[in-house]
Amino acid sequence: MALSISSSAPASVSLSSNLRLSRSRSSSLRLALRPRTARLSVSAAISVGDKLPESTLSYFDSDGELKTVTVSDLTKSKKAILFAVPGAFTPTCSQKHLPGFVEKSGELKAKGVDTIACISVNDAFVMKAWKEDLKIGDEVLLLSDGNGDFTRAIGAELDLSDKPIGLGVRSRRYAMLTEDGVVKVLNLEEEVRHGMNIPEQKRVLR
């Protein structure tokens, strides 16, 4: 499955292990979702071509002030990558998923991406502590969807209430590319192991 999006950005970039942004001969950016073997097929309420639902997310800025931002303000007139994790401080999210986007954030932005944001169903204080623990600067914006409103609106909720770790309802792991608030590419994690999405982000940027 591939989508072509006109752009003057050069080279190629992978948005996740399955999501690749590459430059074709026709001077357009091609975003390809690579098929993968999955144990459980899942779907979201939102799909390519849809406008993102309005919601309010929160975060702490560099001065330690609690701020809120609406999804429309976050994405208006911008090319944005939004990705989600089941929870802050969880092993895979901390060791692979978030660091991969942080590592390649400069290259992603050099290729035309204005905003990179990580969304999780955690409160803003937890997201702030996670950011500090991983020593992340402004490369990636860590946003709290504390009540899960945005997560439910796009149909990405993941109920882990029956698991002994006590996570409750969280978000599936996904990555999406949006332009002016419209979804251009959506990659929703399909493999679920022991109730948790475990991706292997082998390649972030080519």
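Residues numbered from 1 in each chain as written. Predicted model: local features only at pLDDT ≥ 70, side-chain atom pairs only at ≥ 80, totals over all residues. Heavy atoms only, no water.

- As annotated in an unreviewed UniProt entry, the protein chain carries the name Glutaredoxin-dependent peroxiredoxin and is attributed to Aristolochia fimbriata.
- One UniProt comment on the protein chain, placed under Function (unreviewed entry), says "Thiol-specific peroxidase that catalyzes the reduction of hydrogen peroxide and organic hydroperoxides to water and alcohols, respectively. Plays a role in cell protection against oxidative stress by detoxifying peroxides."
- Comment text from UniProt for the protein chain, heading Catalytic activity (unreviewed entry), reads "[glutaredoxin]-dithiol + a hydroperoxide = [glutaredoxin]-disulfide + an alcohol + H2O". (UniProt positions renumbered as here; feature names shortened; annotations may be inferred.)

## Some details on the overall build of the protein chain
- For the protein chain, the count of helices and strands is 5 helices and 15 strands.
- Burial analysis of the protein chain (206 residues in total) assigns 52% to the buried set.
- Taking all contacts inside the protein chain whose residues are at least 6 apart in sequence as the whole, residues at least 24 apart take part in 64%.
- With an accessible surface of roughly 9800 Å², the protein chain has 47% of that area assigned to carbon and sulfur atoms. (Helix = DSSP H or I, 4+ residues; strand = E, 2+ residues; numbered from the N terminus. Buried < 20%, exposed > 50% of the residue type's maximum accessible area, 1.4 Å probe, protein only. Contact = heavy atoms within 4.5 Å. Areas by Shrake-Rupley, 256 points an atom, 1.4 Å probe, with all protein chains shown as cover.)

## Describing the packing of aromatic side chains
- Evaluation of the coordinates by the stated rule reveals 3 aromatic pairs.
- A cation sits over an aromatic face here: K128 above F60, 5.9 Å from the ring centre. (Phe/Tyr/Trp six-rings, centres within 6.5 Å; stacked < 30°, edge-to-face > 60°. Lys NZ or Arg CZ within 6 Å of the ring centre and 35° of its normal.)

## Description of the side chain of S105
- Relative to the helices and strands, S105 is located in helix α3 (residues 105-110).
- Residues contacting S105, with those up to four places away along its chain left out, are I116 and E139.

## Details of the environment of E139
- Checked against the element boundaries, E139 lands in the loop between α4 (124-133) and β9 (141-144).
- Residue class for E139 comes out partly exposed when judged on its relative accessible area of 30%.
- Between the C-alpha atom of E139 and that of V102, which follows or precedes it by 37 residues, the distance is 5.8 Å.
- Ignoring anything within four residues of it in the chain, the contact list for E139 reads V102, S105, K109 and I116.
- In this structure the side chain of E139 is engaged in a polar contact, spanning 2.8 Å, whose partner is the backbone nitrogen of G137. (Polar contact = N/O pair within 3.5 Å; in protein donor to acceptor, adjacent residues only side chain to side chain.)

## Some words on α4
- Taken together, the buried positions of α4 are A124, M127, W130 and K131. An end-on view of α4 places all buried positions within 120° of arc, on one side of the element.
- A distance of 2.9 Å separates the backbone nitrogen of F125 from a side-chain oxygen at the start of α4, and that oxygen is part of D123.
- One or two steps after α4, the chain reaches K135, where phi turns positive at roughly 55°. (Arc of directions from axis to C-beta.)

## Things to note about the pairing of strand β6 (residues 66-70)
- Relative to β6, strand β5 (residues 56-60) is paired through 5 bridges, and the arrangement is antiparallel. Across the sheet, the residue bridging to Y59 is K67, located in β6.
- Connecting β5 to the next strand, β6, in antiparallel fashion are 5 residues, including G64 with a positive phi near 80°. (Pairing = 2+ DSSP bridges.)

## Observations regarding the pattern of salt bridges
- Enumeration over the complete set of coordinates arrives at 6 salt bridges.
- In this structure, K104 and E107 form a salt bridge, with 3.8 Å as the shortest nitrogen-oxygen distance.
- For the salt bridge of K131 with D138, the shortest nitrogen-to-oxygen distance reads 4.0 Å.
- The buried category is assigned to K131, whose relative accessible area is 17%.
- Note on D138: relative accessible area 64%, which makes it exposed.
- Through salt bridges with shared partners, one network takes in E103, K104 and E107. (Salt bridge = Lys/Arg side-chain N within 4 Å of Asp/Glu carboxyl O.)

## Examining unusual backbone geometry
- The phi dihedral of K135 falls on the positive side, at around 55°, and the residue is not glycine.
- Take K135: it is sitting in the loop between α4 and β9.
- We note that D180 has phi near 55°; this positive angle belongs to a residue other than glycine.
- By the secondary structure assignment, D180 is in the loop between β12 (174-179) and β13 (182-188).

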